Amino acid sequence: MNRDFIAKYWYAYIYEQCENQTHDVEFLLNVLRAETDGSPQKILEVACGGGRICIPLAEAGYTVTGFDANEYMLLRCYRRMKGMNNITCYVTDALTSDWGTGFDVVVLAGNLLINLETGMDYARAQQILIRKAALALKPGGHLYLDFDLHYDPVRIFNQMGERSYFSGTDDLGTSGRTVSYGSVYDPVTRICTGTRHWELKTNNGESFVAFTEQWHKYIPTQEQVYSWLREAGLIIERTYKNYTDEPIPEPLDESMHRATIWAKRG
Ligand SMILES: C[S@@+](CC[C@H](N)C(=O)[O-])C[C@H]1O[C@@H](n2cnc3c(N)ncnc32)[C@H](O)[C@@H]1O
């Protein structure tokens, strides 16, 4: 078996097992219940991955479309939607594809802004994502945006030392862990750079290292995100701090780490 396949299949499986540190899915379902009038909602989840968010949305009765650039992730979503007639998913790149129109809600969650994979200028790509979300909404529809927003990014993103975020064994018997060796954040460019690899063992005991890479992420400011929303014709109706009903404080306070925004297409 090709190691690239083994590694990507393993990551898609392990991501789903390990990405459970917050109650972000339950929070989204609560916001939808509170902010929509109980009428059927047609929802688009951009970069839906393995369906961690879009499957519960479909289970809650919404009509859901999801897409993602990663077929290994999407395969998990496709498996989970078996027998459900109110969800579809497909593979495409968020920045180069047409998302369609007429959605009641577009969901950009799972910290997609910061985890966006692109060869483009990163801040520009984040801005385009918000613009495309607005275009996919029907007038009066809403964007649900959930992203990392820290009071002091220098403290959060300057990290040294070895860490493993995800580890475990998939259903093919591949085991392993992701390993990071820290990251460095430049407060002027707002670019965070880190290095990582995955240490894996195949189901017949062969060890190998995959995805040795240096990664870069652009950490947007609150002002940038708010200006991109304005420029896209989206009006902020509600903000939520750290998955609570408290609004995002202005200016940000030290406890701030995660922002959720509910914005209406005017
Ligand atoms: C952190 S995961 C979040 C997945 C899912 N939304 C969740 O919360 O579980 C980020 C996802 O974004 C997808 N992604 C990143 N860049 C993308 C792009 N340019 N187009 C489409 N999908 C992208 C990745 O393949 C990955 O599945």
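Refer to the structure presented above.
Okay, so let's go over this structure. Please read all numbers here as calculations on a predicted model, not as lab measurements. (Residues numbered from 1 in each chain as written. Predicted model: local features only at pLDDT ≥ 70, side-chain atom pairs only at ≥ 80, totals over all residues. Heavy atoms only, no water.)

## Observations regarding the overall build of the protein chain
Here is the rule: Numbering of helices and strands runs from the N terminus; a helix is a DSSP stretch of H or I covering at least four residues, while a strand is a stretch of E covering at least two. Radius of gyration: C-alpha atoms only; globule rule: 2.2 Å multiplied by the number of residues to the exponent 0.38. Exposure categories follow from relative accessible area, calculated using a 1.4 Å probe and restricted to protein chains: below 20% of the type maximum is buried, above 50% is exposed, and the middle band is partly exposed. We call two residues contacting when some pair of their heavy atoms lies within 4.5 Å.
Scanning the protein chain from terminus to terminus reveals eight helices and twelve strands. Relative to the compact-globule value of 18 Å for 266 residues, the protein chain shows a C-alpha radius of gyration of 19 Å, a close match. Projected onto its principal axes, the C-alpha coordinates of the protein chain cover approximately 55 × 50 × 30 Å. For the protein chain, buried positions account for 52% of its 266 residues. Counted over contacts in the protein chain with a minimum sequence separation of 6, partners at least 24 positions apart contribute 64%.

## What to know about the packing of helix H6 (residues 122–136) against helix H8 (residues 222–231)
Stated formally: Lines fitted to the C-alpha atoms define the axes, with helices restricted to the stretch that makes contact. Angles between their N-to-C directions range from 0 to 180 degrees. Note that the term roughly parallel is reserved for angles under 35 degrees, roughly antiparallel for angles over 145, roughly perpendicular for angles of 65 to 115, and oblique for everything else. Here is the rule for handedness: rotate from the far helix to the near one, and if that takes an anticlockwise turn smaller than a right angle the crossing is left-handed, while a clockwise turn gives right-handed. Side-chain classes are defined by residue name, with Ala, Val, Leu, Ile, Met, Phe, Trp, Tyr, Cys and Pro counting as nonpolar, Asp, Glu, Lys and Arg as charged, and the others, Gly among them, as polar.
In contact at an axis separation of 9 Å, H6 and H8 are set at 40 degrees when each is read in the N-to-C sense. Here H8 runs oblique to H6, going by the angle between their axes. Between H6 and H8 lies a crossing whose hand is right-handed. On the side of H6, the interface is formed by Ala 123, Gln 126, Gln 127, Ile 130 and Arg 131, while H8 contributes Val 225, Trp 228, Leu 229 and Glu 231. For the contact of H6 with H8, the class distribution of residues is five nonpolar, two polar and two charged.

## With respect to the site of the ligand
The following threshold applies: The rule for a residue being near a molecule or strand is that one of its heavy atoms must lie within 4 Å of it. Pairs of N or O atoms are called polar contacts if they sit within 3.5 Å, as long as, within protein, a hydrogen donor faces a hydrogen acceptor (for residues adjacent in sequence, only side-chain-to-side-chain pairs). Under the convention used here, a 1.4 Å probe and the Shrake-Rupley method define accessible areas, while residue burial counts only the protein chains that appear.
By nearness alone, 19 residues border the ligand, and Ala 47, Arg 52, Asp 68, Ala 94 and Glu 117 come closest of all. One of the side-chain nitrogen or oxygen atoms of Asp 68 is found 2.6 Å away from an oxygen atom of the ligand. Taking Asp 93, its side chain carries an N or O atom lying 3.4 Å from a nitrogen atom of the ligand. Isolated, the ligand exposes 590 Å² of accessible area, and the fraction of that covered by the protein chains is 94%. Considered class by class, the residues forming the shell around the ligand number nine nonpolar, five polar and five charged.

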